[in-house]
Structure formats: structure tokens, C-alpha cells
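Secondary and tertiary structure notes
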Amino acid sequence: MTAALIARLEAATEGSRELDWEIYLFVERPAVIPAVEPPWSAMDVSHYTTSLDAARSLWHPDWYPLLWRREDHELTEPEWWCQIDLEGGKTIGHAVARTPELAAIIATLKARWA
């Protein structure tokens, strides 16, 4: 499931509640899912794809994350890069996305579960 979720996030051009819900199901693995539509309306689901604070809430205290924006005259839109390193410089998660929040959550999922 991790690879499929990461692929959907990498293809996204912006965050969405649907993606937040998929991340919540993967991360939290709730025992009960409400029978309402949309399901996230009945639960406290973080805005992982639109809030840096929500994405950062999944970071381990021993991680050294870097987040930067790349603008290039050859790019049609700016790119956001996120890299998560361990002490000593070993990279455990890396992502490039259209928004900083997407880059952060993709790199986080890769670092923790990929």
C-alpha cells in the first residue's frame, strides 16, 4: 500500500482531503471507520497534504529534514524538495512535489515506511 499511496501523492498537484484520508488510514490504522460520506468529516483527520505542521507531526525527533524550493527558468512551475537525513548524513527519505506540504509528507512516508 505504501508504494501506491506514494505514487498518488507524487502525481498530485495539490493537497486534498481524500489524500489526507488515505494517509490517515495508512498511518493510524483505525479499528472503526464511520459509515458517513465523506468519512473524514466524522473523524479528526489531520490535513497532511495542506499543512506542514501536520506532516511534521510524523517526523522522528532524530531526523534532520531539509525543505527547499527550486525555481528554474526551464521549469513551468516551481518544485519543492524535501530530504530527510539521519545524523551522519544518511538520506532516508526524499521527494519532489508541487507544494511544500506534499514534498514533506511524501518524504516522511518514504522515511518511515518505504
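Residues numbered from 1 in each chain as written. Predicted model: local features only at pLDDT ≥ 70, side-chain atom pairs only at ≥ 80, totals over all residues. Heavy atoms only, no water.

Helix and strand counts for the protein stand at 4 helices and 3 strands. Over its C-alpha trace the protein gives a radius of gyration of 15 Å, about what one expects of a compact globule, namely 13 Å for 114 residues. Within the protein, the fraction of its 114 residues that count as buried is 38%. Summed over its atoms, the accessible surface of the protein is roughly 6600 Å², and 50% of this surface lies on carbon and sulfur atoms. (Helix = DSSP H or I, 4+ residues; strand = E, 2+ residues; numbered from the N terminus. Rg over C-alpha atoms; globule rule 2.2 N^0.38 Å. Buried < 20%, exposed > 50% of the residue type's maximum accessible area, 1.4 Å probe, protein only. Areas by Shrake-Rupley, 256 points an atom, 1.4 Å probe, with all protein chains shown as cover.)

Note on placement: Val-45 falls in the loop between α2 (17-28) and α3 (52-56). Relative accessible area serves as the criterion here: at 4%, Val-45 is assigned to the buried category. A sequence separation of 23 residues divides Val-45 from Glu-22, and the C-alpha atoms of the two residues are 9.9 Å apart. In contact with Val-45, not counting residues within four places along its chain, are Arg-17, Asp-20, Trp-21, Tyr-24 and Trp-40. (Contact = heavy atoms within 4.5 Å.)

To continue, consider the pattern of salt bridges. Scanning the entire structure with this criterion turns up 5 salt bridges. Residue Lys-110 is joined to Glu-10 by a salt bridge in which the shortest nitrogen-to-oxygen separation is 3.0 Å. Pair noted here: Lys-110 is in helix α4 (residues 100-113) and Glu-10 is in helix α1 (residues 2-11), with a separation of 100 residues, a long-range link. According to the relative accessible area criterion, Lys-110 is partly exposed, its value standing at 23%. For the salt bridge of Arg-56 with Asp-53, the shortest nitrogen-to-oxygen distance reads 3.6 Å. (Salt bridge = Lys/Arg side-chain N within 4 Å of Asp/Glu carboxyl O.)

Counting 30 residues, the largest nonpolar core has Leu-9, Ile-23, Tyr-48, Ile-105, Ile-106 and Leu-109 as its most contacted members. Of all elements in the fold, only α1, α2, α3, β2 (79-85), β3 (91-97) and α4 reach the threshold of two or more residues within this core. Here this core gets 8 residues from one element, more than from any other, and that element is α4. (Core = buried A, V, L, I, M, F, W, Y, C linked by side-chain atoms within 4.5 Å.)

Turning to the sheet that holds β2, a few remarks are in order. Within a sheet, neighbouring strands are paired by backbone hydrogen bonds and run either parallel or antiparallel to one another. Pairing within the open sheet is antiparallel, and its 3 strands lie in the order β1-β2-β3. Looking along the sheet, the strands with just one partner apiece sit at the ends: β1 (64-70) and β3. Shown here is a sheet whose adjacent strand axes are inclined to one another by a mean of 10°, direction ignored. Direction of pairing for β1 relative to β2: antiparallel, over a ladder of 7 bridges. By the bridge assignment for β2, Tyr-64 is matched with Asp-85. Along the sheet, α4 makes contact with β1, β2 and β3, crossing β3 at roughly 150°. (Pairing = 2+ DSSP bridges. Axes fitted to C-alpha atoms, helices over the stretch in contact; angles between N-to-C directions.)

Bear in mind that shape data such as this cannot, by itself, settle questions of function.
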